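If you want the building blocks of each chain, they are given just below.
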Amino acid sequence: MTIARYILPGLVFIIVCRAIYKKLPAIDLFVEGINEAITLMKQLFPRLLALIFSVKLLLYSDVFGWIKTGLNTITHEQISGELWPLLLIKPLSGSASLAITEDIFSRFGPDSSLGLIASVMQGATDTTLYIVTVYFGAVGIKHVKTALKVGLMADFIGIMTAVFIAKWFFSL
Amino acid sequence: MIWLVFILLGISSLLFTQQTDVLTMLMIESAKDTAMLSAHLLVLMMFWLGFMKIAEAGDLIQLLTRLMKRPLMWLFSSVDQNSQAFSYIASNICFNMLGLGNAATPFGLKAMQLLKGNNQAMTTLVILNTSGLALYPTNLIALRLAFDSREASVIILPVLITSFITTVSAIILLRVTFNARHKWVKQ
């Protein structure tokens, strides 16, 4: 889809044209926006560092490996063992889940049944923990419980739906 | 709380497997990653919030907000109707639907700042972002193409169905949670 590539530049074009037409003090407004961005970032950085450190520590340790083995024995591999890591890591880390998807693509191919299911999973939900941290971090609010709870529940629903929809849609 | 559990699990596993020397390495690495990510995010925020300010002064944002007013007012019923937050929320949702998550984040953060104190509205916005309703998964299709997929775009429809179901159920869950708490407080 080539239209997508034109959206952002097109938007800037429209904004600039409008600013010239209305004779706006564009630089002053632009600088005002930049200052706001810097203020936001100041509040965000410490929280982001705390989150990234904890996720890195967790991913480095082999906790997910143990969970995977445990789940495989419980579910009798109804959901293929290759998909469990993606399912568990998806809400935690965007880059880690991307790496797993790439791994599945390179080993089984993007058009294999595993590749298709992984694609739908990857596309259907976002990195909940990261988004919750960034968004609430920007306002320095600690009461993230509801958002996190609902977000993770929605992730669970999303991932299960992804598996079922993918199996049904591609009749795997 | 969750953060402490993560650290505890990670640390105990490091102790258990006697890899005590990787801790410093992980610290340095996470600081590096955070700096990279923050730099990226800061650049995006500076430029998009800058352009947004100009667009706002040119009445362009108001146009977009008016178009999306009805669904937004239903979702964010607790926000004052004339609040500036609506324009940022509208921009955030628009960019997200186009699959341009990076451009969407600055507006979402700005909206959060304006919604401060209104827990229900803040949570709704975050949930809309985490459930990831995208009309066109740009990055995913690029990834599939990179691995020589013959039909890279076959996943559009199932992804759309799934993210729609996820978003709807997230909104329902949210409503139920907040309603339950409301009743509980009343009693």
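Predicted, not measured: the structure shown is a model, and the values here were computed from it.

## Here we look at the UniProt feature "transmembrane region" (unreviewed entry) in chain B
Listed under "transmembrane region" (unreviewed entry) in the UniProt record, and renumbered for this structure, are residues 125-147 and 154-178 of chain B. The annotated region residues 154-178 of chain B carries 92% helix and 0% strand content, and the separation between its end C-alpha atoms amounts to 38 Å.

## Things to note about helix H7 (residues 119-130) of chain B
Residues and elements named next belong to chain B. In this model H7 runs 16 Å from its N-terminal to its C-terminal C-alpha over twelve residues, within 8% of the 16 Å that 1.5 Å per residue would give. With respect to burial, H7 is a largely interior element, ten of its twelve residues being buried. The set of residues buried in H7 consists of Ala121, Met122, Thr123, Thr124, Leu125, Val126, Ile127, Leu128, Asn129 and Thr130.

## A look at the UniProt feature "transmembrane region" (unreviewed entry) in chain A
Residues and elements named next belong to chain A. Taking the UniProt record as the reference, the feature "transmembrane region" (unreviewed entry) is found at residues 48-67, 116-138 and 150-170. With 83% helix and 0% strand, residues 116-138 has its two end C-alpha atoms placed 36 Å apart. Across residues 150-170 one finds 95% helix and 0% strand; the C-alpha atoms that close the span lie 29 Å apart.

## Examining the pattern of salt bridges
What the rule picks out here adds up to nine salt bridges over all chains. Across the pair Lys56 of chain A and Glu29 of chain B runs a salt bridge whose closest N-O atoms are separated by 3.6 Å. With Lys56 of chain A in helix H2 (residues 26-60) and Glu29 of chain B in helix H2 (residues 22-57), the pair connects residues from two separate chains. A salt bridge links Arg150 of chain B to Asp111 of chain A; the nearest nitrogen and oxygen atoms lie 3.9 Å apart. Within this pair, whereas Arg150 of chain B is found in the loop between helix H8 (138-146) and helix H9 (156-186), its partner Asp111 of chain A is found in the loop between helix H5 (94-108) and helix H6 (113-124), the two belonging to separate chains. A single network of salt bridges, built from pairs that share partners, joins Glu32 and Glu36 of chain A together with Lys53 and Lys110 of chain B.

## Some points on the packing of aromatic side chains
Aromatic rings in a pair are described by how distant their centres are and how their planes are angled relative to each other. Residues and elements named next belong to chain B. Inspection of every chain in the model, using the stated rule, returns eight aromatic pairs over all chains. On the numbers, 5.5 Å between centres and 5° between planes, the contact of Phe95 with Phe107 is stacked. In this pair, Phe95 sits in helix H5 (residues 85-97) while Phe107 sits in helix H6 (residues 101-115), placing the two residues twelve residues apart along the sequence. On the basis of relative accessible area, Phe95 is assigned to the buried category, the value being 6%. Over the ring of Trp74 we find Arg175, and its NZ or CZ is 4.7 Å from the ring centre.

Reading the values: the criteria
Residues numbered from 1 in each chain as written. Chains lettered and ligands numbered in written order. Predicted model: local features only at pLDDT ≥ 70, side-chain atom pairs only at ≥ 80, totals over all residues. Heavy atoms only, no water. UniProt positions renumbered as here; feature names shortened; annotations may be inferred. Helix = DSSP H or I, 4+ residues; strand = E, 2+ residues; numbered from the N terminus. Expected span 1.5 Å × (residues − 1). Buried < 20%, exposed > 50% of the residue type's maximum accessible area, 1.4 Å probe, protein only. Salt bridge = Lys/Arg side-chain N within 4 Å of Asp/Glu carboxyl O. Phe/Tyr/Trp six-rings, centres within 6.5 Å; stacked < 30°, edge-to-face > 60°. Lys NZ or Arg CZ within 6 Å of the ring centre and 35° of its normal.

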